[in-house]
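Okay, here's what each chain looks like letter by letter:
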Amino acid sequence: MTNFLPALYEGHAPITLQNLFRDALEAYDDWDEGMPEPTVRFEGKVLSISEVFDWMKPCTDIMPANMIGIVTDRLSKPWSGDGPLDEMTFSTAARVMSVLVRRRLRRFGRGSIEAFAGRFKPSLHAE
């Protein structure tokens, strides 16, 4: 797995991981149906958004309100958190997003750069 990412400390993520999570959410938000799983960069390394979501599953930090909408807009039921302000932890969001990524990948396949590029190669069939 991605052992180059910073470790959580007693369930808390450094701001660099929180920013990476936001980047993964935005990449998911921009992900077009049928395209390969998006990737994000962290310190020069490329990793899939599902790796970021998996890494943040143990994070107990409360997500900033500006990130929650990306997650809640995809829920089939309205979000209702335990706190007075409907707080959501990174852990909850990571679990939701992991399910959404798996569903999309199952629906359209993992995809690959080769498959994507193959769509633009000239056809070898005579017409």
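Located above this text is the structure these notes cover.
Residue positions are given per chain, counting from 1 as you read along its sequence in written order. Predicted model: local features are reported for residues with pLDDT of at least 70 only, side-chain atom pairs are reported and counted for 80 or more only, and whole-chain, interface and lining totals are derived from all residues. Based on all heavy atoms of the structure, the side-chain values leave hydrogens and waters out of the count.

Chemist: How do you make sense of the overall build of the protein chain when you look at a structure like this?
Modeler: In terms of regular secondary structure, the protein chain is built from five helices and two strands. Reading the helices (α) and strands (β) of the protein chain from amino to carboxyl end gives α-β-β-α-α-α-α. Looking at the protein chain as a whole, 35% of its 127 residues are labelled buried. A contact between two residues is defined here by any heavy atoms of the two lying within 4.5 Å. At a minimum sequence separation of 6, the contacts of the protein chain that also span at least 24 residues come to 71%. Per-residue and other accessible areas follow the Shrake-Rupley method at a 1.4 Å probe size, with only the shown protein chains counted as cover for residues. For the protein chain, the exposed area adds up to about 8200 Å²; of that, 53% sits on carbon and sulfur atoms. Only DSSP runs of H or I reaching four residues or more are called helices, and only runs of E reaching two or more are called strands; each is numbered from the N terminus. Partly exposed residues are those whose accessible area sits between 20% and 50% of the maximum for their type, while under 20% is buried and over 50% is exposed, using a 1.4 Å probe and protein chains only.

Chemist: What is the right way to read the pairing of strand β2 (residues 45–48) from this model?
Modeler: Each regular strand displays side chains that alternate between the two surfaces of the sheet. A pair of strands is labelled paired if DSSP reports no fewer than 2 bridges between them. With four bridges connecting them, strand β1 (residues 39–42) and β2 associate as antiparallel partners. Bridging across to β2, R41 finds its partner in V46. Count of turn residues in the β1/β2 antiparallel hairpin: two residues, of which E43 carries a positive phi of about 50°.

Chemist: What exactly am I supposed to notice about the packing of helix α1 (residues 15–29) against helix α3 (residues 65–72) here?
Modeler: Relative placement of two packed helices is described by the angle separating their axes and the distance separating the axes. Relative to each other, α1 and α3 sit at 35°, their axes nearing to 10 Å. As for how α1 packs across α3, the hand of that crossing is left-handed. For the pair α1 and α3, contact is made by Q18, F21, R22, L25, E26 and D29 and by M67, I70 and V71, respectively. Only Asp, Glu, Lys and Arg are considered charged, only Ala, Val, Leu, Ile, Met, Phe, Trp, Tyr, Cys and Pro nonpolar, and every remaining residue, Gly among them, polar. Residue classes in the contact of α1 with α3 are distributed as five nonpolar, one polar and three charged. Think of each axis as a best-fit line through the C-alpha atoms, taken over the contacting stretch in the case of a helix, with angles from 0 to 180 degrees between the N-to-C directions. Put simply, a crossing is left-handed when the front helix is turned counterclockwise from the back one by less than a right angle, and right-handed when it is turned clockwise.

Chemist: Can you help me understand the packing of α1 against helix α4 (residues 90–108) in this one?
Modeler: The geometry of α1 relative to α4 is characterised by a closest axis approach of 12 Å and an angle of 35° between their N-to-C directions. Considering how the two elements wind past one another, α1 and α4 form a crossing that is left-handed. Taken together, the residues of α4 that come into contact with α1 (itself represented by Q18, F21, L25 and Y28) are F90, A93, A94, M97, L100, V101 and R104. Residue composition of the contact of α1 with α4, grouped by class: nine nonpolar, one polar and one charged.

Chemist: Whenever I open this one, α1 confuses me. Can you help?
Modeler: Side chains three or four residues apart in an α-helix point the same way, a direct result of the helix having 3.6 residues per turn. Over its 15 residues, α1 runs 21 Å from end to end, which matches the ideal 21 Å to within 8%, given 1.5 Å per residue. Every buried residue of α1 is listed here: L17, Q18, L20, F21, A24, L25, A27 and Y28. Buried residues along α1 sit against β1, α2 (49–55), α3 and α4. In this analysis, the expected span of each helix is defined as 1.5 Å times one less than the number of residues it contains.

Chemist: Which parts of the structure should I look at to understand the packing of aromatic side chains?
Modeler: Centres within 6.5 Å make a pair out of two Phe, Tyr or Trp rings, where for Trp the six-membered ring is used; the pair is then stacked when the planes are under 30 degrees apart, edge-to-face when over 60, and tilted otherwise. Here the structure, examined in full by the defined rule, presents three aromatic pairs. With a centroid separation of 5.2 Å and an interplanar angle of 80°, the aromatic rings of F21 and F90 are classed as edge-to-face. Of this pair, F21 sits in helix α1 while F90 sits in helix α4, and the two are 69 residues apart along the sequence. Just as F21 is buried, F90 falls in that class too. Relative to W31, the ring of Y28 has its centre 5.6 Å away and its plane inclined at 80°; by these criteria the two rings are edge-to-face. Classification of Y28 by relative accessible area gives buried; the value is 5%. Each member of the aromatic cluster is reached from another via a ring pair, and the members are F21, F53 and F90. Just above the ring of Y28 sits the side chain of R104; from NZ or CZ to the centre is 4.9 Å. We call a charge positioned above a ring when the Lys NZ or Arg CZ atom is no farther than 6 Å from the ring centre and deviates by at most 35 degrees from the ring normal. Across from the ring centre of W31, 4.6 Å away, lies the NZ or CZ of R104, which sits over that ring.

Function-wise, these values are silent; they only describe arrangement.
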